[in-house]
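One-letter residues, chain by chain:
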Amino acid sequence: MGRVEGKVAFITGAARGQGRSHAIRLAQEGADIIAIDLCEGLPENNYPPATEEDLAETVRQVEALDRRIVARKADVRDFDQVKSAVDAGVAELGRLDIVSANAGIAGSFNRAEDIPDDEWVNMQEINLSGVWRTCKAAIPHIRAGGRGGSMILTSSDAGLFAFPNIAHYVAAKHGVVGLMRTLALELAPDMIRVNSVHPTVVDTPMVNNEATFKLFRPDIEHPTADDFKEAAQGINALPIPWVDAVDISNAVLWLASDEARYVTGVALPVDAGANVK
């Protein structure tokens, strides 16, 4: 038996990166998957967007594990789209037990006073309000099952302490922690656990691009991944520049499993010791 055998997980931002990794890791341990992703670009992002082909690849990899998956294109800024996707997934798969509210963007890099108003608003709409909408759409289904459940909200080390030049991101990720703690209290009577995960730099397309390299190495006109690697390692206590997506997925899996059956209201860093450095 897998550690989440027979359960159904709803994952946002599932087309690639951490979201795809979470879908695969949970499927490896027996879960069926409901997956959504925007699959479109946003003007403030400095990296290529996930595509519908990426989401189809997530479907292919989950099905290769002999698990079921219901996937569709949906925007976490639109509650009706999120709710429709969850409702359809539960109608097909029969239940909902796990939520990974993972969808998020990095946005552009500016000092706080230079962030355009529309970029500030869009960051909160996706990285904070999108998490809330995900939970709002999922809670009735988990509660209706009467078996309890686990909701894992993706924050960041930037949800535990500050970084310069990303005030909108830091504010949103701190907000996720407050949301998580409130939901943990509200949902405890239903045995629905709510926790957050806080990655350091993760090796995904959101990070591996020149705009991010430039943020860490402004002294170089066109910094490379190797230039970034040296600077990124300075964030962490362990002597590594970044973690892999599967490292976050393993934490999500543990929080989703019965091994963490009495763990709720916890902000769990997976960050190579960055938060204590």
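Residues numbered from 1 in each chain as written. Predicted model: local features only at pLDDT ≥ 70, side-chain atom pairs only at ≥ 80, totals over all residues. Heavy atoms only, no water.

To continue, consider the side chain of Arg193. Tracing the chain through its elements places Arg193 in strand E6 (residues 192-199). An unpaired buried charge is present at Arg193: no salt bridge exists, and Asp258, the closest side chain of opposite charge, is 5.7 Å distant. Within the structure, the side chain of Arg193 is placed 3.4 Å from the backbone oxygen of Arg261, a separation counted as a polar contact. (Helix = DSSP H or I, 4+ residues; strand = E, 2+ residues; numbered from the N terminus. Buried < 20%, exposed > 50% of the residue type's maximum accessible area, 1.4 Å probe, protein only. Lys, Arg positive; Asp, Glu negative; His and termini not counted. Salt bridge = Lys/Arg side-chain N within 4 Å of Asp/Glu carboxyl O. Polar contact = N/O pair within 3.5 Å; in protein donor to acceptor, adjacent residues only side chain to side chain.)

Right, let's talk about the packing of aromatic side chains for a bit. Applying the stated criterion across every chain, the model contains four aromatic pairs. Seen from their ring centres, Phe161 and Phe163 are 5.2 Å apart, and the 40 degrees between their planes marks the pair as tilted. Residue class for Phe163 comes out partly exposed when judged on its relative accessible area of 26%. Between the aromatic rings of Phe216 and Phe228, the centroid separation amounts to 5.0 Å while the plane-to-plane angle is 75 degrees, which identifies the pairing as edge-to-face. Placement of Phe216 in helix H7 (residues 210-216) and of Phe228 in helix H8 (residues 225-233) is noted, with a sequence separation of 12 residues between them. Site record: aromatic cluster; members linked through ring pairs are Phe213, Phe216, Phe228 and Trp242. Over the aromatic face of Phe79 sits the side chain of Lys136, whose NZ or CZ is 4.7 Å from the ring centroid. (Phe/Tyr/Trp six-rings, centres within 6.5 Å; stacked < 30°, edge-to-face > 60°. Lys NZ or Arg CZ within 6 Å of the ring centre and 35° of its normal.)

Below, the discussion takes up the nonpolar core. Phe10, Leu96, Val99, Met151, Leu153 and Val194 are the most contacted members of the largest nonpolar core, which has 45 residues in total. The biggest single contributor to this core is helix H6 (residues 167-187), with 10 residues. Every residue in contact with Leu96, bar those within four places of it in the chain, is listed here: Val8, Ala9, Phe10, Ile34, Val86, Val90, Ala138, His141 and Ile142. If you look at the next biggest cluster of nonpolar residues, it comprises 30 residues, including Ile11, Ala14, Val62 and Ile69. (Core = buried A, V, L, I, M, F, W, Y, C linked by side-chain atoms within 4.5 Å. Contact = heavy atoms within 4.5 Å.)

Quick look at the environment of Arg217 now. Relative to the helices and strands, Arg217 is located in the loop between H7 and H8. Along the primary structure Arg217 and Glu40 are separated by 177 residues, whereas in three dimensions their C-alpha atoms are 28 Å apart. Residues within four places of Arg217 in sequence aside, it is in contact with Pro223, Asp227, Phe228, Glu230 and Ala231.

Moving on, we get to the pattern of salt bridges. Tallied over the full model, the rule gives 16 salt bridges. When the shortest N-O distance is used, the salt bridge between Asp87 and Lys83 registers 2.7 Å. Here the residue Asp87 and the residue Lys83 both occupy positions in helix H3 (residues 79-93), the gap between them amounting to four residues, near one helical turn. Residue classification places Lys83 among the partly exposed positions, given a relative accessible area of 36%. Residues participating in the shared-partner salt-bridge network are Asp32, Arg67 and Arg68.

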